[in-house]
Amino acid sequence: MLMKINDIRISAIGGTICSIWASISLGDVLQTALTAALGTLVSFATSRLLAKLGKRKR
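Residues numbered from 1 in each chain as written. Predicted model: local features only at pLDDT ≥ 70, side-chain atom pairs only at ≥ 80, totals over all residues. Heavy atoms only, no water.

Novice: Sorry if this is basic, but what is going on with the overall build of the protein chain here?
Specialist: Across its full length, the protein chain holds 2 helices and 0 strands. For 58 residues, the compact-globule estimate of 2.2 N^0.38 gives 10 Å, and the C-alpha radius of gyration of the protein chain, at 23 Å, exceeds that figure by more than 25%. Projected onto the principal axes, the alpha-carbon positions of the protein chain cover approximately 75 × 25 × 5 Å. For the protein chain, with 58 residues in total, the buried portion stands at 0%. (Helix = DSSP H or I, 4+ residues; strand = E, 2+ residues; numbered from the N terminus. Rg over C-alpha atoms; globule rule 2.2 N^0.38 Å. Buried < 20%, exposed > 50% of the residue type's maximum accessible area, 1.4 Å probe, protein only.)

Structure (structure tokens):
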């Protein structure tokens, strides 16, 4: 039997996902999550500060 194109694509995608999954550690995921959370907090605080400063000048 010949493999269908969809079967080959699914196999390639599955192999890619498995190889990526093996190279990512829990520490990397946690560091990324903490960095994203910190960036969100800094962005929020900066926007609030700029909004307050904009109101004072008016």
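Novice: Just to check I follow, could you spell out a nonpolar patch on the surface for this structure?
Specialist: Among the surface-exposed residues, Ile 20, Ile 24, Leu 26, Val 29 and Leu 30 lie close enough to one another that they form a single nonpolar patch of about 480 Å² accessible area. The biggest single contributor to the nonpolar patch is helix α2 (residues 26–57), with 3 residues. If you trace the backbone, Ile 20 turns up in helix α1 (residues 5–23). Using a relative accessible area of 46% as the deciding quantity, one classes Ile 20 as partly exposed. (Patch = residues over 30% accessible without salt bridge, like charges linked within 9 Å, V, L, I, M, F, W, Y side chains within 5 Å. Areas by Shrake-Rupley, 256 points an atom, 1.4 Å probe, with all protein chains shown as cover. Salt bridge = Lys/Arg side-chain N within 4 Å of Asp/Glu carboxyl O.)

Novice: Just checking my understanding: could you explain α1 for this structure?
Specialist: Every α-helical turn comprises 3.6 residues, leaving residues that sit three or four positions apart pointing alike. An ideal rise of 1.5 Å per residue puts 27 Å on 19 residues; α1 measures up with 28 Å between its terminal C-alpha atoms. Counting buried positions over the 19 residues of α1 gives 0, only a small fraction of the element. (Expected span 1.5 Å × (residues − 1).)

Novice: What is the right way to read the environment of Gln 31 from this model?
Specialist: The topology assignment puts Gln 31 in helix α2. It is 38 Å that separates the C-alpha atoms of Gln 31 and Ile 5, two residues lying 26 residues apart in sequence.

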